[in-house]
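Take a look at the letters that make up each chain.
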Amino acid sequence: MAGVASKVGQEQVSAVCLGSINNPVKFAGQDFKKLKEECLKLGKLFEDPKFPAAQTSLGKDKLGPWSKEAKGLVWKRPKEIKENPAFIVTGAERGDVCQGRLGDCWFLASIASLSMNKDCLFRVVPQDQSFDKGYAGIFYFSFWQYGEWVDVVIDDRLPTKKNKLLFVKSETSNEFWTALLEKAYAKINGSYEALIGGHMVESLADFTGGVGVIYRSQSAPNDYFQIIQRTLRDKCLAGCASIRDAEDESIVGGHAYTITGAEEVTYNGDKVQLIRARNPWGHKEWKGAWSDNSEEWKKVNEEDKKKLKYNPDDGEFWIAFPDFLKQFPKVHICDITLSEVCCSDNYKYCLTEFNGSWKKGETAGGKYMSDTFWMNPQYRVTLTAPDGDTSKKSPITVSLMQKANGKKLTRTGFYMFKVNPEDTVPLGKEFFDTSEPVVRKDGFIDRRDVSGRFELLPGEYVIVVTTKKPAKETDFYLRVFLEIAPGAQTPPGGGVLEDTYNKL
């Protein structure tokens, strides 16, 4: 049957487990060390047969053979572009990300955010790589994919025109780590074209194994500014999306920016909340209040300017929080603290994960209130009170990811229903005909990841994962995080989760 469950406990996420950060899966079966050793032994530079310097790696439509970008394109190695190329020059920084002719601002804004957390950065971008001793034209990067870390090998032939990189580049002309990272991400997604358009929360999750959440200004909580502050303080990753029809010409409409700061400054005796954002273009900044060289900065003392790292004309700018809310209606935050369940011995959460499928006539029942809704995969969770007080709510985080693998996305979502201990699961049509969900994530938009954090009273619940329409087929990966009770030696501690579908 579809939806084979894979419970993962503490003993299964050890450093030796295949797919862990210390023992990643080899994408396409390519072993970096073996391939590099072979190239060095034969005295040749690596040419990747799995992602060749050819039209197939660019794409078929927007980057097809007749596209403007593809015409006149030449694949070149960094040593053919610059005399003294370097993988990283004086540290990997957000200034190393300058967008080229590829519409992947969402991905590049995520790289800039990644560079602000060196622990996460060094997992994705191994530092022991260079164009010097041992160079063989081969590099590798690590990405998190549906519960596993994966090493992706590439050769260093990059798309160029007139001897300049066509896509992402660094402000430092002989630095190439961002261009090579972009190529590796294009490979794992099937082509460069696959990176045109996307959501920051997806690439942020692929960089960290964290859980992405999107906040909207219109429905943001009262402590929205403080949430962003805590996000950056905890070294979580964050970005924002600008309003599509931006009235201010200094804001690029429908564009992704990296959030790099959230601070308060004294101005005319009052506290002003400021957000710092960066355009992945490396230029074109906000020109309103608190922008570079605005009148407001003249009334801020030099000490505060230094603290805020005030630096004009670098693609990065400060903006007052009320203006930020108007210009950037969405904020993407990736909670990397949840990823520590896989990468740290300091367990704060119990993670249970499942891999499953929606199949026509079997498990693809469609959204709530559909006649076949009851057919969808169901997962039963028992929430307990960490401190024994059953009147207090317990937190639960649910993350549903569909395995698109380059295919067109199917609109997905999930629901949670309160059940009684004596209820027989999986639940049938009669139950859903008379029950209302206590949690519903059924916006059903075109996004790979649908996630949410909720607080519910202790008890038993059933999670139902679903596509918007019945009979839509795709594979999915479900994660459920429960907090561990204080003092607990091993997970679970916050509750238990079981796959009820496979008990059919």
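Residues numbered from 1 in each chain as written. Predicted model: local features only at pLDDT ≥ 70, side-chain atom pairs only at ≥ 80, totals over all residues. Heavy atoms only, no water.

## Overview of the confidence of the model for the protein chain
Reading predicted coordinates in detail is not appropriate for stretches of low pLDDT. Put simply, the test is: A score between 0 and 100, pLDDT records how confident the predictor is in each residue. Throughout, a contact is declared for two residues whenever any of their heavy atoms are within 4.5 Å.
The share of residues in the protein chain with pLDDT of 70 or more is 89%, and the mean pLDDT across the chain is 88. Low pLDDT, under 50, characterises residues 1–15; the predicted model gives this stretch 42 contacts beyond four residues in sequence or across chains.

## Here's the deal with the packing of helix α4 (residues 105–114) against helix α6 (residues 177–189)
Operational definition: To define axes, lines are fitted to C-alpha atoms, for helices over the stretch in contact only, and angles between the resulting N-to-C directions are given on a 0 to 180 degree scale. A run of H or I in DSSP counts as a helix once it spans at least four residues, and a run of E counts as a strand once it spans at least two, with each numbered from the N terminus. For classification purposes, angles smaller than 35 degrees are called roughly parallel, those larger than 145 roughly antiparallel, those between 65 and 115 roughly perpendicular, and all remaining angles oblique. Definitions for this section: a left-handed crossing has its near helix turned counterclockwise from the far helix by less than a right angle. A right-handed crossing has that turn clockwise. Three residue categories are used. Nonpolar comprises Ala, Val, Leu, Ile, Met, Phe, Trp, Tyr, Cys and Pro, charged comprises Asp, Glu, Lys and Arg, and polar comprises the others, including Gly.
For the pair α4 and α6, interaxial distance at closest approach is 12 Å and the crossing angle is 125°. With respect to α6, the element α4 is oriented oblique. Here the hand of the crossing between α4 and α6 comes out right-handed. Where α4 approaches α6, its residues Trp106, Phe107, Leu108 and Ile111 are matched on the opposing element by Trp177, Thr178, Leu181, Glu182 and Tyr185. Along the lines of polarity and charge, the residues of the contact of α4 with α6 split into seven nonpolar, one polar and one charged.

## Things to note about the sheet that holds strand β12 (residues 316–320)
How we decide: Whether two strands pair depends on DSSP finding at least two bridges between them.
Taken together, six strands build an open sheet; the order of strands is β8-β13-β9-β10-β11-β12 and the sheet is antiparallel. In the strand order of this sheet, the two ends are held by β8 (211–216) and β12, each with one partner. Taking each pair of neighbouring strands and ignoring which way they run, the sheet shows an average axis angle of 35°. Examined bridge by bridge, β8 and strand β13 (residues 330–335) share six bridges and lie antiparallel to one another. If you follow Val211 over to β13, its bridge partner there is Asp335. The sheet contacts of α4 involve β9 (237–241), β10 (256–267) and β11 (270–278), and relative to β10 the element is tilted by about 50°. The strands touched by helix α8 (residues 224–233) are β8, β9, β10, β11 and β13; relative to β10, the strand with the most contacts, the crossing angle is about 110°.

## Concerning the side chain of Ser67
Here Ser67 is to be found in the loop between α2 (55–58) and β3 (74–76). Residues contacting Ser67, with those up to four places away along its chain left out, are Asp61 and Lys62.

## Considerations on α8
For clarity, the cut-off: We call a residue buried when its accessible area falls under 20% of the maximum for its residue type, exposed when it is over 50%, and partly exposed in between, using a 1.4 Å probe and counting protein chains only. The arc refers to the directions leading from the helix axis to the C-beta atoms.
Along α8, the positions that sit buried rather than exposed are Tyr224, Phe225, Ile227, Ile228 and Thr231. Down the axis of α8, the buried set is contained in an arc of 160°. They therefore lie on one face. Looking at the buried positions of α8, the neighbouring elements they touch are β8, β9, β10, β11, α10 (321–327) and β13. Positive phi appears at Lys235, one or two residues downstream of α8, with a value of about 60°.

## Here we look at the nonpolar core
Spelled out, the test is: Within this scheme, the nonpolar core is defined by two criteria: the residues are buried Ala, Val, Leu, Ile, Met, Phe, Trp, Tyr or Cys, and they are joined through side-chain atoms within 4.5 Å.
In terms of nonpolar packing, the biggest core is built from 60 residues, with Phe141, Phe143, Leu180, Leu181 and Tyr192 touching the most fellow members. Listing elements by their share of this core, those giving two or more residues are α4, α5 (118–124), β4 (138–145), β5 (148–155), α6 and α7 (200–208). Sequence-distant contacts of Leu181, defined by excluding residues within four places in its chain, comprise Phe107, Ile111, Val124, Val125, Phe141 and Phe143. Membership of the second largest hydrophobic core comes to 23 residues, among which are Phe354, Tyr379, Ile396 and Val439.

## Focus: the side chain of Ser217
Position of Ser217 relative to the elements: it lies in the loop between β8 and α8. Owing to a relative accessible area of 18%, Ser217 belongs among the buried residues under this scheme. Ignoring anything within four residues of it in the chain, the contact list for Ser217 reads Tyr224, Leu325, Phe328 and Pro329.

## Some points on the sheet that holds strand β6 (residues 158–161)
By way of backbone hydrogen bonds, the strands of a sheet pair with one another, either parallel or antiparallel. Judged by pairing direction, the sheet is antiparallel, and its three strands sit side by side in the order β3-β6-β7 without closing on themselves. Each of the sheet's edge strands pairs with one partner strand only, and the pair in question is β3 and β7 (164–165). Sheet topology places β3 next to β6; three bridges connect them, and they run antiparallel. The residue bridging Trp75 from the neighbouring strand is Pro159, located in β6.

## Some words on the pairing of β11
Examined bridge by bridge, β10 and β11 share nine bridges and lie antiparallel to one another. From the neighbouring strand, Tyr267 faces β11, where its bridge partner is Asp270. With five bridges connecting them, β11 and β12 associate as antiparallel partners. Its bridge partner being in β12, Arg276 is matched across the sheet by Trp318.

## Focus: the environment of Lys44
The topology assignment puts Lys44 in the loop between α1 (32–42) and α2. As for Lys44 and Gly137, which are separated by 93 residues in sequence, their C-alpha atoms are 8.4 Å apart. With residues up to four places along the chain from it excluded, the contact list for Lys44 reads Cys39 and Ala136.

## Details of the packing of aromatic side chains
Applied cut-off: What counts as a ring pair is set by centres within 6.5 Å for rings of Phe, Tyr and Trp (its six-membered ring), and what kind of pair is set by the plane angle: stacked under 30 degrees, edge-to-face over 60, tilted for all other angles. A positively charged side chain is recorded as over a ring if its NZ (Lys) or CZ (Arg) lies within 6 Å of the ring centre. The angle to the ring normal must also be within 35 degrees.
Enumeration over the complete set of coordinates arrives at 38 aromatic pairs. A ring pair is formed by Phe32 and Tyr140, whose centres lie 4.3 Å apart and whose planes are at 40°; its orientation type is tilted. Of this pair, Phe32 sits in helix α1 while Tyr140 sits in strand β4, and the two are 108 residues apart along the sequence. Ring geometry for Tyr185 versus Phe207: centroids 6.3 Å apart, planes at 45°, classification tilted. One end of the pair, Tyr185, is in helix α6; the other, Phe207, is in helix α7, with 22 residues separating them in the sequence. There is no split in this pair, since Tyr185 and Phe207 are both buried. In textbook terms, an aromatic cluster arises when at least three aromatic residues are bridged by ring pairs, as seen for Tyr215, Tyr224, Phe225, Tyr257, Phe317, Phe321, Phe324 and Phe328. The ring of Tyr461 carries Lys418 above its face, with NZ or CZ at 5.5 Å from the centroid.

## Some words on the pattern of salt bridges
Where we set the bar: One speaks of a salt bridge when a side-chain nitrogen belonging to Lys or Arg is within 4 Å of a carboxyl oxygen belonging to Asp or Glu.
The full count for this structure, using the stated rule, is 20 salt bridges. Here Arg101 ties to Glu69 by a salt bridge, and the two come within 3.2 Å at their closest N and O atoms. Placement of the pair is Arg101 in the loop between α3 (78–81) and α4 and Glu69 in the loop between α2 and β3, with a sequence separation of 32 residues. Judged by its relative accessible area of 15%, Glu69 falls in the buried class. Among the salt bridges present, the one from Arg276 reaches Glu316, with a minimum N-O distance of 3.7 Å. Highlighted residues: Arg276 in strand β11 and Glu316 in strand β12, separated in sequence by 40 residues. Across this residue pair, the class does not change: Arg276 and Glu316 are buried.

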